[in-house]
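# An overview of the molecular structure
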Amino acid sequence: MALSASALRDRAPRTAGTPLRPSGNLRRRMALSRALEAVATAAALFAVALLIDVAVTVITNGAPAISFAFLTQSANGLSGGGIANALLGTVVMVVFGAAIAIPVGILVGLFLTEVAGPRSRLAHLLEVVLDMLQGVPTVVVGIVVFGLIVVPQQKETGFAGAIALSIIMLPLIARASQQVLAVVPPSFRQAADALGVERWRTVIGVILPAAAGGILTGAILAVARAAGETAPLLLVDSLYHPNAIQLQPFGNGVPSVPMFIYTTYDLPSVSGITLAWGAALVLLTGILVANVGARLMLSRTRRRMGL
Amino acid sequence: MSAHGGELAGERAPEVAARLRLHGQPVAGAGDRRLDAEPARETVFEIRDVAVHYGSSQALGWTTLDIHRHEVTAVIGPSGCGKSTFLRSLNRMNDTIPNFRLEGEVLYRGHDLYAPATNRVEVRRRIGMVFQKPNPFPKSIYDNVAWAPRNLGMRAGLDERVERALRHAALWDEVKDRLKQSALGLSGGQQQRLCIARAIAIEPDVLLLDEPASALDPIATASIEELMHTLKHRYTLVIVTHNMQQAARVADRTAFFALDLSGSQRVGTLIEYAPTRTLFTNPSDPRTRDYITGQFG
């Protein structure tokens, strides 16, 4: 030991009598800490302010367009009409895309957490690919789908749009599933293993139910994201009858809310701009509701897992 | 080989074990010994020269002992002496640990647990396990107990099976009116008894308990210990415990493990294995005596 007992005794009383206020270097560190806290708080407030600004602008501009007719009538070019056909088209494409992306995404998540070992090279590669796919500009996804589906068929279809949306949703769902599955307590797997039940039954009976809420949250967030995508639809599903309900994705273009906003805003009329704002408000509301619902569901799952 | 060869090997390892290796075929002898032995001494596990390595480090050194049917066998010893490694080797729960390697033989009723043809899922169906921390599934009390039987094709009479398991785990009276409620709402001691009920619902042959009471308060601990006295009439129990008094209270036989120097490595080693009364009152190894009298550990 470097310090003898007597040396320690000599040192101890030096600060013993002074008041318990920060002194020396501690005072400087506390000032820096407060400054950084202020900057971080300001940044957070700025982000919230931006969101509020977007919401307020969309609400003030879009609210005049909202009416029962707006939500229940199909578009009618310059003479107004509503977004019913666009909403239904978006629902058809998103449901179709989600029907592909959700099962595949969950399976990819299960592969990463339950099948591949922690040091699996394939799993690591897959993670990199998923992250890259998530970063691919959606217009590129649109071009790829255009080449793969639209060109051979010689027409733009809702099906092509749904495929493009599923490609955008897949990495989001896969990564979200992976993250949720990874926090399912290992003690559940251990308990199931010790009962002599095969792993796949454990996955279906214990692990997936425990993670279901979180996976659903990820899926909803992905769906909300896909519902607002415009760029790929511009390429693969922009030729459709704008004033008709079109629910059959094979062989036809299907209208969508983002495309409605895009085309209506370009119409040479003031009412077109209002309609576009109205549609934007509907889209934003839908996405907001989905997000809030998803977060509520996630907190419920975490409680269930005892986290 | 004598009828008590296995027992001796356990008590006087490793010299006797080495002799057994030289003279006999432990595998072939297993059947004979069972025929000769009186029913109370029926052997469930014959552990023969088992060593466990994790990568380059050895966790458990050359262990030989027999575990008897309808007895409680306690495994005691200081931290890091390989108690849990030993217990988990008995139902292959170590298999998923990277670089786990087991040498020697673990015979369960004459069958090699680590033979290539042995299916580890089947092993665990017959040799259940209860863990240190209660780990009920996030399901209802009923579904916790019913889950494994359902998945193992024991669907007939499921309600009766669940009730029986809960009764045997001394939990039925406390939960019979709220079987549909979440198991996570139970107290720690109740959760651990639920885990025992879940394990015995599939009618295993052996129950391994890895410090089942160490996360519980004294009252819950007492109820688990009492439970072990009744469960041993139906199952064979092996319990790892930190608590020597617990071993003395519940176990028929006790194995004492400690860290021993092997080359330059400190390796978990079986020091002494004897009837509990003998081990605690008249230990034959000075290290056992030091441990049970609180000299170390």
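I will try to describe carefully the structure that is included in this document. Here the structure is a predicted model, which means the values were calculated and not measured.

Calculation criteria
Residues numbered from 1 in each chain as written. Chains lettered and ligands numbered in written order. Predicted model: local features only at pLDDT ≥ 70, side-chain atom pairs only at ≥ 80, totals over all residues. Heavy atoms only, no water. Helix = DSSP H or I, 4+ residues; strand = E, 2+ residues; numbered from the N terminus. Buried < 20%, exposed > 50% of the residue type's maximum accessible area, 1.4 Å probe, protein only. Contact = heavy atoms within 4.5 Å. Polar contact = N/O pair within 3.5 Å; in protein donor to acceptor, adjacent residues only side chain to side chain. Buried area = accessible area lost by both parts, 1.4 Å probe. Salt bridge = Lys/Arg side-chain N within 4 Å of Asp/Glu carboxyl O. Nonpolar A, V, L, I, M, F, W, Y, C, P; charged D, E, K, R; others polar. Phe/Tyr/Trp six-rings, centres within 6.5 Å; stacked < 30°, edge-to-face > 60°. 1 Å grid on protein atoms, 1.4 Å probe; cavity = no way out; pocket = protein on both sides within 12 Å on 5 of 7 lines; lining within 4 Å. Points joined across faces, edges and corners; volume = space filled by probe spheres on them. Pairing = 2+ DSSP bridges. Axes fitted to C-alpha atoms, helices over the stretch in contact; angles between N-to-C directions. Parallel < 35°, antiparallel > 145°, perpendicular 65-115°, else oblique. Left-handed = near helix turned anticlockwise from the far one by under 90°. Expected span 1.5 Å × (residues − 1). Bend = angle between axes of the 7 residues up to and from the residue. Core = buried A, V, L, I, M, F, W, Y, C linked by side-chain atoms within 4.5 Å.

## Some thoughts on the overall build of chain A
The helix and strand inventory of chain A stands at 12 helices and zero strands. A total of 307 residues make up chain A; the buried ones form 37% of that total. Considering only contacts within chain A whose residues lie at least 6 apart along the sequence, 73% involve residues at least 24 apart.

## A word on the side chain of E229 of chain A
All names here are of chain A. Inspection of the secondary structure puts E229 in the loop between α9 (199–227) and α10 (231–236). On the basis of relative accessible area, E229 is assigned to the buried category, the value being 11%. Within polar-contact distance, the side chain of E229 engages the side chain of T138 at 3.2 Å.

## Considerations on the interface of chain B and chain A
It is common to report an interface's size as the accessible area lost on association of the parts. Each partner contributes to the interface: chain B provides 23 residues, whereas chain A provides 19 residues. Buried area between chain B and chain A, summed over both chains or domains, comes out near 1800 Å², and the portion from carbon and sulfur atoms is 64%. Together, P138, W147 and N151 of chain B form the three largest contributors to the area buried by chain B at its contact with chain A, with a combined 31%. At the surface where chain B touches chain A, the tally comes to zero salt bridges. Taken together, the residues of the side of chain B that touches chain A break down into 15 nonpolar, three polar and five charged.

## Digging into the packing of aromatic side chains
Going through the model one piece at a time under the given rule, you end up with 10 aromatic pairs over all chains. Ring plane angle 50 degrees and centroid distance 5.6 Å describe the contact between F45 of chain B and Y108 of chain B, whose orientation is recorded as tilted. Of the two residues, F45 of chain B sits in strand β1 (residues 43–54) while Y108 of chain B sits in strand β4 (residues 100–108), which places them 63 residues apart along the sequence. Judged by its relative accessible area of 7%, Y108 of chain B falls in the buried class. An aromatic cluster is defined as three or more aromatic residues linked by ring pairs; in this entry it consists of F96, F159 and F250 of chain A.

## Points about empty space enclosed by the protein
One simple way to see leftover space: roll a probe sized like a water molecule over the atoms. Residues and elements named next belong to chain A. In total, this model carries five cavities of 30 Å³ or more according to the counting rule given. Reported here for the largest cavity is a volume of approximately 60 Å³. Looking at the lining of the largest cavity, the elements that each hand over two or more residues are α5 (121–135), α6 (138–153) and α7 (158–182). Looking at which element gives the most residues to the lining of the largest cavity, the answer is α7, with four residues. Of the residues assigned to the lining of the largest cavity, the class counts are seven nonpolar, two polar and one charged.

## Let's talk about the pairing of strand β2 (residues 57–68) of chain B
In summary, the side chains of a regular strand alternate between the two faces of the sheet. Residues and elements named next belong to chain B. Among the 12 residues of β2, 10 are classified as buried, and the element is accordingly described as predominantly covered. Alignment of β2 against strand β10 (residues 265–275), held across two bridges, turns out to be parallel. Within β10, the position partnered with G61 by the bridge is T269.

## Here's the deal with the packing of helix α6 (residues 141–151) of chain B against helix α9 (residues 188–200) of chain B
All names here are of chain B. At a closest axis distance of 7 Å, the pairing of α6 and α9 adopts a crossing angle of 30 degrees. If you check the angle between α6 and α9, you find them roughly parallel. In this structure, α6 meets α9 at a crossing whose hand is right-handed. Contact residues: I141, N144 and V145 in α6; L194, A197 and R198 in α9. By residue class, the composition of the contact of α6 with α9 is four nonpolar, one polar and one charged.

## Some remarks on the sheet that holds β4 of chain B
Residue and element names in this part refer to chain B. If you trace the 10 strands from one edge of the open sheet to the other, you get β5-β4-β1-β2-β10-β9-β3-β8-β7-β6, paired in mixed fashion. Looking at strand neighbours, the two that pair on one side only are β5 (111–112) and β6 (127–130), the edges of this open sheet. As paired strands, β4 and β5 are joined by two bridges and run antiparallel to one another. Paired with Y108 across the bridge in β5 is H111. Across the sheet, helix α10 (residues 218–231) touches β3 (72–76), β7 (206–210) and β8 (236–240), and the angle it forms with β8 is around 150 degrees.

## Things to note about α6 of chain A
Residues and elements named next belong to chain A. The terminal C-alpha atoms of α6 lie 21 Å apart, and with 16 residues this matches the ideal 22 Å at 1.5 Å per residue to within 8%. Along its length, α6 shows its largest kink, about 45 degrees, at F146. Residues of α6 that are buried: T138, V141, G142, V145, I149 and V150. Those residues of α6 that are buried lie in contact with α7, α9 and α10. Phi turns positive one or two residues past the end of α6, at Q154, with a value near 60 degrees.

## Notes on the environment of D131 of chain A
Within the fold, D131 of chain A resides in helix α5. With 40 residues separating them along the chain, D131 of chain A and P171 of chain A place their C-alpha atoms 7.0 Å apart.

## Section: the side chain of R48 of chain B
All names here are of chain B. On the secondary structure map, R48 appears in strand β1. Relative accessible area serves as the criterion here: at 8%, R48 is assigned to the buried category. Within the local environment of R48, its side chain forms a polar contact with the side chain of D66, the two groups lying 2.9 Å apart.

## Some thoughts on the environment of L281 of chain A
Relative to the helices and strands, L281 of chain A is located in helix α12 (residues 270–304). Taking the C-alpha atoms as reference points, L281 of chain A and A63 of chain A, 218 residues apart in sequence, are found 7.4 Å from one another.

## Examining helix α8 (residues 186–194) of chain A
For α8 of chain A, the full list of buried residues reads F188, R189, A191, A192, D193 and A194 of chain A. Where α8 of chain A ends, the next residue or the one after it, G196 of chain A, has phi of about 70 degrees, a positive value.

## Comments concerning the pattern of salt bridges
Using the criterion set out here, one finds 27 salt bridges over all chains in the structure. The closest approach of N and O atoms between D193 of chain A and R199 of chain A, which form a salt bridge, is 3.2 Å. Owing to a relative accessible area of 31%, R199 of chain A belongs among the partly exposed residues under this scheme. Among the salt bridges present, the one from R120 of chain B reaches D95 of chain B, with a minimum N-O distance of 3.5 Å. Here the residue R120 of chain B occupies a position in helix α5 (residues 120–126), and D95 of chain B occupies one in the loop between α4 (83–89) and β4, the gap between them amounting to 25 residues. On the basis of relative accessibility, which here comes to 34%, the residue R120 of chain B falls in the partly exposed class.

## Points about the nonpolar core
Counting residues in each nonpolar core, the largest one holds 49 residues, and the members touching the most others are V145, L166, L194, I196, L231 and L237 of chain B. At six residues, α9 of chain B tops the list of elements feeding residues into this core.

## Some remarks on the packing of helix α4 (residues 84–115) of chain A against α5 of chain A
Residues and elements named next belong to chain A. In contact at an axis separation of 10 Å, α4 and α5 are set at 140 degrees when each is read in the N-to-C sense. Relative to α5, α4 is oriented oblique. Seen along the crossing, α4 lies across α5 with a hand that is left-handed. Between α4, through V108, F111 and L112, and α5, the contact on the second element is made entirely by L122, A123, L126, E127 and L130. Here the residues of the contact of α4 with α5 are counted per class, giving seven nonpolar, no polar and one charged.

Nothing here speaks to function; it is geometry throughout.
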